[in-house]
Structure formats: structure tokens, C-alpha cells
Amino acid sequence: MNPSNPPLKQLNGWFTLPTRLTFWVMLTTISLVVVATLGAKNLYFRGDYNIFFEGSNKQLVAFDEIQTTFAKSDNLSIVIAPKQGDIFTPEILTLVKDITKDAWQVPYSSRIDSLSNFQHTEASEDDLIVEDLIYEGYSLTNERIQKIRRITLTEPALVNSAISSKGDVTVVNVTVQLPEVDKTAEVQEVIASVNQIVDHYQAEYPDVEFHKAGIIAMNNAFMQSAQSDTSTLVPAMLIVILVFLTVMLRSIFSVIATLIVIIGSVAATMGLSGWAGMFLSTATVNIPTLVMTLAVADCVHVIATMRQNMQNGYEKRFAIDQSIAVNFMPILITSVTTAIGFLMMNMSDSPVLRDFGNLAALGVMIACFLSVSLLPAMLKWLPMRVKENQNTASNRFMDGLGNFVVNNRKALLPLSVVAIVVSAALIPLNKVNDDSVKYFDQRSEFRRAADFMEKRISGMTNISIAIKTNESQGIADPVFLQTIGDFSEWLRSQPETDHVATLSDVYKRLNKNMHGDDSRYYQLPLDRELAAQYLLLYEMSLPYGLDLNNQINVDKSSIKMVLTIDNLGSVELVELEERMYAWFKSNAPQYDVVASSPSLMFAHIGETNMTSMLSTLPITLILISALMIFALRSLRLGIISIVPNIAPALIGFGIWALVSGEINLGLSVVVTLTLGIVVDDAVHFLSKYQRARKQGQNAEQAVRYAFQTVGRALWITTIVLVAGFSVLAMSSFRLNADMGQLSAIVVFIALVVDFLFLPTLLMLFDNKEYVREPETPETKEILIPNKPITNA
């Protein structure tokens, strides 16, 4: 029988379908991809922070309750920092007054707070004067400016909030009430309007530095990060794939076929997500990059085996069919295990991470389908040739590596075990710690603004604290007044605190005013009727838009305090929250307290997400191990593969403890994300090893054969996977960047483990004789691995 034309009828008919019905296979698969892609027209983008939280999230429910009870606190802060370092000049005070006036024109603005319109109170005989601190009726004489300076730098409501303690930086705070019909578009409207204001005054005041911070700015930063990743990372990934595939496959037509599969996989994935009514977010916008990376692995295995078969003398059609027959089960198992890993992200507490996992799993399975249908059909049509000299440097390297592992297995095994044990011992050094400000790197305008604010005025982290008396008009009760006064002072004594906005300061100021501005009366009025009268008189004097609705509810049974602190990590933030609740439990258990904020929500979700991910890990391991045992039809090989599949994550997180030591929301999913990908190397190596064993070779020979036949393909796929995740690591959004960086580390370690540790385990524990299988076209490559080429 001519080895160039073996009997194709011995191959499974499904494996030969792409080469027998090439036109129809291509027409069907391309039509399906096109129909799926049409759904992309339904996609839209959401960039607000709310998408990270489930509607039933405890902290989100608390935050929504606070927002509903009191005025909403979505804000954008315009930070004004004159280079001369002094706010108290006629020019800068005029600037603050003008920006305050213009800020009322910002879409959806409901309240503007600044030095200019701070409602200063003072006594005039028996009258209470309430007026803007920078009142238009007064000229900014030196005497007036000095009075403004004196008031400002001694007023607790302003220092480290509206102005720095040094008087060199001030803030105009714009509070908005978004209709939330299309929150992303509404945020863009606000940002565009504020940008117009800032640009106008930046041109007029070149010696003044402006920054934009606040929740609205953070939402915009999420959106800008997604846009930046889309415009830079996806093209970068395409270039990386082109370069690596061209260099490693040395075949332009192989690269073209692979790119078509990759583009089809990405387009179909995003289209189907559109048909499903999903939206894009900062996390899911990087799905194209991830699907590109994962799709390459399948294609490389098919193409590498096909080219190897052609080098062994087989005609192209049979080489393609035999490649599909050999690789179908490993590709299917690796795709399914990878999809299982991603689907386990459905146990995450964050909706966008669940969407990320579902889309990635969908993309993996689409890539699997196209790599065994569209890819072989295209390879059949494209003019493919191979060089006659198959003893390339890479082949020689793999042969040498195989010999090295076999000859040094007694040393490699204990060294591998030590490396795994030491890495596992380092894992506890990692701490779950989320800081929502640090989700953005220094390229982000928002991050620079937040860092500037923290350095010059205060941190950008706020906690809203609602305290309920559960009694109408209960906030005037002397016991309650004393409680909030004591609590306010306790908060100010905490090392993390920058500012406390509290109603107790208003009461103290009013009490002093109503006693002829005698500083001895700067204390809480502990008479219920008097306190109620002071507050009523003050509220009646406040102008529209500057009332106390942001601090007091309608029936005056609850108040809201706002604590501004340093930009803390999640551990410190949660610990501070627990201290606050503990204070009330010890000092005022009769009052109900609810504390929440976006920063606090992010602080909690990282920890709960890690817990939920770790709880699903055993399920993932069991499912993947069961699939391995099923695919290999060997309990022994399935059990042997468990340790090499777990080891990369152990070593990776051990290394991360030395590199960073902080686990954020993005890293909390890396174990489940990479577990299925890691299996790819093990499945392909074990399938080749097992094939050789069934052809009568011993463990050492089978290990050498696995290196010869699949080593180069594993090397190529790992390099592309690492490159893909490394591109993701370039993201300006830290959740994506850290996820990409650690995933790249884990995937690379997986190759090292499967090249050095897995073979030593096989040679130690797999000494049982295999039942020899008869020769078939699907296994014939085993018998003539070095056959010279007879037909290119």
C-alpha cells in the first residue's frame, strides 16, 4: 500500500466530512457565523460602577436605601489649584464664584457646593443672617478676603472638604440627579458639559490647575478604559498573533486560515451576546482579545499535526483528515474543560464577571467547532506545501528536551515537588485587597485627579452613614443629638479620617449664632424644642438647591453623615466599617445604622467573590478530572494529571505573593479562568503519550514520542496564549491588567510543569503494560514518525 494514499474509508466519516464536502461545510459554517454576527447590532455599552453588583447585593441595597431616603449623591468635583498656592486672592475667589454659577447649567445638576455659595451664618443683634460666603453684594477687598479666609479655615464643614487645610486648593462639587434612562449617555453629557466649563476657565486662567474627580468621573473612567482597551489591545492582539504564527508556522496560508477562524469565533461570540440582549462593559469588552487567544490553540494543533503528516509522506487531504482524527478528542476535551472553568465564574457575586465567563465559554466552544469544520475545509482548498527537511531546530530541541527529561527524571521529580510546596507555602502571603481608585493606572485622568486630591485635600473615598431614630422629628431629641455629636468626634479621631460632614456641626454653629456668636456656645443645643426651632429657622433661610435634604429625611427621623477618608484598600475599609457598627452597638444600640458607598461595595465584593470562587474550585476539579478520565479512558492517567493541572495555579499565586501580594476582584477568578486552559497542555501530551503506549512503547519511549509529536505545538500555543494574556496585562484597567498578568504566568508555568513534572510522574507511576492496539490510519503516525517525505 502506498503510504501517500492510505484507505480513507478506515477513518471515521465525521472526521473526513470537511475534506469530502468542502464547499458545503464552508458555506454552512460561514452562513452560521454571519447569522450569529448580525446580533452585534444589538450590543450597547454600560460604563457605570453599578454593573459590578447584583441587585440583591447587601451593600448595594443599603446604598440604594440611603440614596432613596436622602438626595442622591452622584457627583463630579472640579478641583481648583492655583500654582501660586493661595486660594484667597480676588482672582481665584472670582473664579470659584464664576464656576459655581456656570456649574448650575450642567445637565441634571441638582446642587452645587463651593466656598462661593457656602451658607455662612452669623448673628446681627437678634437676627440670624444666612448668606453666601462670597456674596455678590460685597466687593472683594482685602478686609473682606481676610474675613473669608478666617471663616473658611475654621469651619469644620469646609476644611478638608471644600478647601484644603493650607488654603491652597478648593473644590466645586456638582451633585447630579441622573434620570438613569441611559446612564452611560447621561454621564457623557455631564462630563462634556463640565469639560467645556473647565476648558473655558483653563484658557482664561493658565496659572490654575484643574482636575475632575467624583463618582461621575469614576464612571467616565470605566468607559474610557474600555474604549482605550478596544482601540489598543484588540489590534495589538491581532498583530501578536500574526507575528507569532508567521514565525512559528512558516506558512502564510496557515496564518490566513487561522485568522479567519479567529475572526469568525470573535464575531459569532459578540453577535450571539447581542442576540441574547447582553451589553458590553469594562470587563466584557476584552472578550475579543481572550477569544482570539484561545482560538489559536485549537488551530495550531490541527495545522501542526497536518504539516507533520505531510512531512511523513502523506498527501494533504489524508494529512488533514488524520490530524482531525488525532486531535478531535483532545481539542474537544480542552475546549469543554476551558468552558467549564469559565462557566464556574457564574458563581461570582459580580454580574459583569459572570457575563465575562459566559461569553468566554461561548467563544471557546465556537472556536472548537470552527477549528474542526471550517479550518480543515479551508486547509483543503488553500495551496499548502511543506519543506522537505523536517529535522528543524525546533524538532531537535524537542528531541533533546525529551531525552533530558527521561535521563534526569530522578532529579526533576523532587525538584518539582519542592517548587510546588514552596509556592503553596507563599500563597497565604497574598491578601484580598480592592481599592476602586487603583483600578485605574496613572494613564487615567481620574486616577491622577484622585491621587492629587488625596495628596492636597482629602481622599476620594466616601462612606454615607444613615442613622435612624425611627421616630418622627426624632433628630431633635437631646440624646440623639449627643449621640451624633459623640460619634462625629469619634470618627474624626480615627487615623483614616479626612473629613466628616455631620449635622452636629450645623447645630453647634446655630447655637453659637443664637447666642450672639459667643464661641462658648459652640456646642449642641440639648433642649429638644430649641434644637427644632434652630433647624427650622435655618432651613427657612436657605436658598433653593442648598437645603438640608442631603442630610435629613422628610419626617426628620433620620440623618445622613458623610465620612471622607484616605483611598484605602478593601481590608482597611471593611475594618473601619466594622468599627463604626461596633461603636453604635456599644454606645447607642437603640438606633439603626446603615453605612454604604461605591467604595465600600467594591471593598466587600472582592472578598466575597474570592470565597465563592474557591468554593466552586472542588466542583471544577471534579468535573475536569472526570472529563480527563473519560477522554483518556484511563483512571490512572486521569488521576496522575490532577496534580500537574493544579500545580500551575499554586506556583502562579505563590509567585504573585512575591510580585504584588494583593488579590483584587479581577484576580479572584484567575484560578477558575486558567484551570481549563491549563488542561490543554496535559490533554494533548497525555493523548500522544497514551497513543504511543498502546502501540507497544514503554513509558520512557512514549514520553520521548510525546515531545517529538506534540511538543512544538504546545510550545507555540503556550507562547500565543502568554502573548495574548500579556497584551491584556497592558490594559489601563487594573482588574484586566492583573488578570492578564497572572494568567500569563500560570499558563507559562503550565507548560513547564507538563514538560518537566508530568513526564516524571508518568514514568514513575505508569509502568503497567498496555493492551496493544492494531494499526489504523489514525495511529499510523506512531509507526513511521521519521518516514521521509514522498509527496509534498
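Note that the structure is predicted; figures quoted are calculated from it, not measured.

A. Spatial organisation of the sheet that holds strand E1 (residues 75-82). Taken together, the 4 strands give an open sheet; going across it, the order is E2-E5-E1-E6, and neighbouring strands pair in antiparallel fashion. The open sheet is flanked by strand E2 (109-113) and strand E6 (208-213), the only strands paired with a single partner. Across the sheet, the mean angle from the axis of one strand to that of its neighbour is 15°, orientation sign disregarded. Across 6 bridges, the pairing between E1 and E6 is antiparallel. When the sheet's bridge partners are listed, Ile80 is paired in E6 with Phe210. Strands E1, strand E5 (170-176) and E6 of the sheet are contacted by helix H6 (residues 183-204), whose axis makes an angle of about 170° with E6.

B. Highlighting the side chain of Ser265. By the secondary structure assignment, Ser265 is in helix H8 (residues 252-275). Residue classification places Ser265 among the buried residues on the basis of a relative accessible area of 0%. Leave out the neighbours within four places in its chain, and Ser265 touches Val291, Ala295, Ile366, Ala367 and Leu370.

C. Structural context of the sheet that holds strand E11 (residues 592-596). Within the open sheet, the 4 strands sit side by side as E9-E10-E8-E11. Their pairing is antiparallel. Of all strands in the sheet, those with a lone pairing partner are strand E9 (497-501) and E11, marking the two edges. Taking each pair of neighbouring strands and ignoring which way they run, the sheet shows an average axis angle of 20°. Relative to strand E10 (residues 558-565), E9 is paired through 4 bridges, and the arrangement is antiparallel. Residue pairing for E10: His499 is matched across the bridge by Thr564. The strands touched by helix H3 (residues 58-69) are strand E8 (461-468), E10 and E11; relative to E11, the strand with the most contacts, the crossing angle is about 105°.

D. Up close: the UniProt feature "domain: SSD" (unreviewed entry) in the protein chain. Taking the numbering used here, the UniProt-annotated feature "domain: SSD" (unreviewed entry) corresponds to residues 256-381 and 637-764. Helix makes up 81% of residues 256-381 and strand 0%. Its end C-alpha atoms lie 12 Å apart. The straight-line gap between the two end C-alpha atoms of residues 637-764 is 12 Å; of that span, 84% is helix and 2% is strand.

E. Focus on the packing of aromatic side chains. The final tally for this structure, using the stated rule, is 23 aromatic pairs. Plain terms: the ring middles of Tyr439 and Phe602 are 5.3 Å apart, the flat faces sit at 90° to each other, and that makes the pair edge-to-face. A residue pair is termed long-range when its members are at least 10 positions apart, and Tyr439 in the loop between strand E7 (431-432) and helix H15 (445-456) and Phe602 in helix H20 (residues 598-632) qualify at 163 residues. Given a relative accessible area of 1%, Tyr439 falls into the buried group. Phe602 sits in the buried class, given a relative accessible area of 1%. Where Phe480 meets Tyr591, the ring centres are 5.2 Å apart and the plane angle is 80°; that geometry is what we call edge-to-face. Linking Phe480 in helix H16 (residues 478-492) with Tyr591 in the loop between helix H19 (570-587) and E11, this pair joins segments that are 111 residues apart in sequence. On the accessibility criterion, Phe480 (0% relative accessible area) is buried. The aromatic ring of Phe279 is capped on one face by Arg46, whose charged end is 5.2 Å from the ring centroid. In this arrangement the basic side chain of Arg633 is found over the ring face of Phe630, its NZ or CZ atom lying 5.8 Å from the centre.

F. Looking closely at the nonpolar core. Of all hydrophobic cores here, the largest spans 173 residues; its most connected members are Phe52 and Phe342. Sorting elements by how many residues they give to this core places helix H23 (residues 699-728) first, with 18 residues. With residues near it in sequence (within four places) discarded, Phe52 still touches Phe222, Asp349, Ser350, Pro351, Val352, Phe602, Ile605, Leu665, Phe733 and Leu735. One finds Leu503, Met580, Ala588 and Tyr591 within the second-largest nonpolar core, a separate group that totals 43 residues.

G. Broad picture of the pattern of salt bridges. Applying the stated criterion to the full structure yields 26 salt bridges. Here Asp441 ties to Arg443 by a salt bridge, and the two come within 2.6 Å at their closest N and O atoms. Here Asp441 falls in the partly exposed class, since its relative accessible area comes to 22%. Note on Arg443: relative accessible area 53%, which makes it exposed. With a shortest N-O distance of 3.6 Å, Glu662 and Arg734 are connected by a salt bridge. On the criterion of sequence distance, the pair formed by Glu662 in strand E12 (residues 662-663) and Arg734 in helix H24 (residues 734-756) is long-range, its members being 72 residues apart. By relative accessible area, which is 29% here, Glu662 ends up partly exposed. Owing to a relative accessible area of 22%, Arg734 belongs among the partly exposed residues under this scheme. Members of the salt-bridge network, linked through shared partners, are Lys72, Asp74, Glu180 and Lys183.

H. Empty space enclosed by the protein, seen in detail. Per the stated rule, a full pass over the model turns up 7 cavities of 30 Å³ or more. Estimated volume of the largest cavity: approximately 1,200 Å³. Along the wall of the largest cavity there are 50 residues; nearest its centre are Asp113, Ser161, Asn173, Ala501 and Asn550. Ranked by residue count, the leading element in the lining of the largest cavity is E5, at 4 residues. Considering only residue class, the lining of the largest cavity consists of 21 nonpolar, 22 polar and 7 charged. Each pocket or cavity is described by its volume, and for the second largest cavity that value is around 100 Å³.

Rules used throughout
Residues numbered from 1 in each chain as written. Predicted model: local features only at pLDDT ≥ 70, side-chain atom pairs only at ≥ 80, totals over all residues. Heavy atoms only, no water. Pairing = 2+ DSSP bridges. Helix = DSSP H or I, 4+ residues; strand = E, 2+ residues; numbered from the N terminus. Axes fitted to C-alpha atoms, helices over the stretch in contact; angles between N-to-C directions. Contact = heavy atoms within 4.5 Å. Buried < 20%, exposed > 50% of the residue type's maximum accessible area, 1.4 Å probe, protein only. UniProt positions renumbered as here; feature names shortened; annotations may be inferred. Phe/Tyr/Trp six-rings, centres within 6.5 Å; stacked < 30°, edge-to-face > 60°. Lys NZ or Arg CZ within 6 Å of the ring centre and 35° of its normal. Core = buried A, V, L, I, M, F, W, Y, C linked by side-chain atoms within 4.5 Å. Salt bridge = Lys/Arg side-chain N within 4 Å of Asp/Glu carboxyl O. 1 Å grid on protein atoms, 1.4 Å probe; cavity = no way out; pocket = protein on both sides within 12 Å on 5 of 7 lines; lining within 4 Å. Points joined across faces, edges and corners; volume = space filled by probe spheres on them. Nonpolar A, V, L, I, M, F, W, Y, C, P; charged D, E, K, R; others polar.

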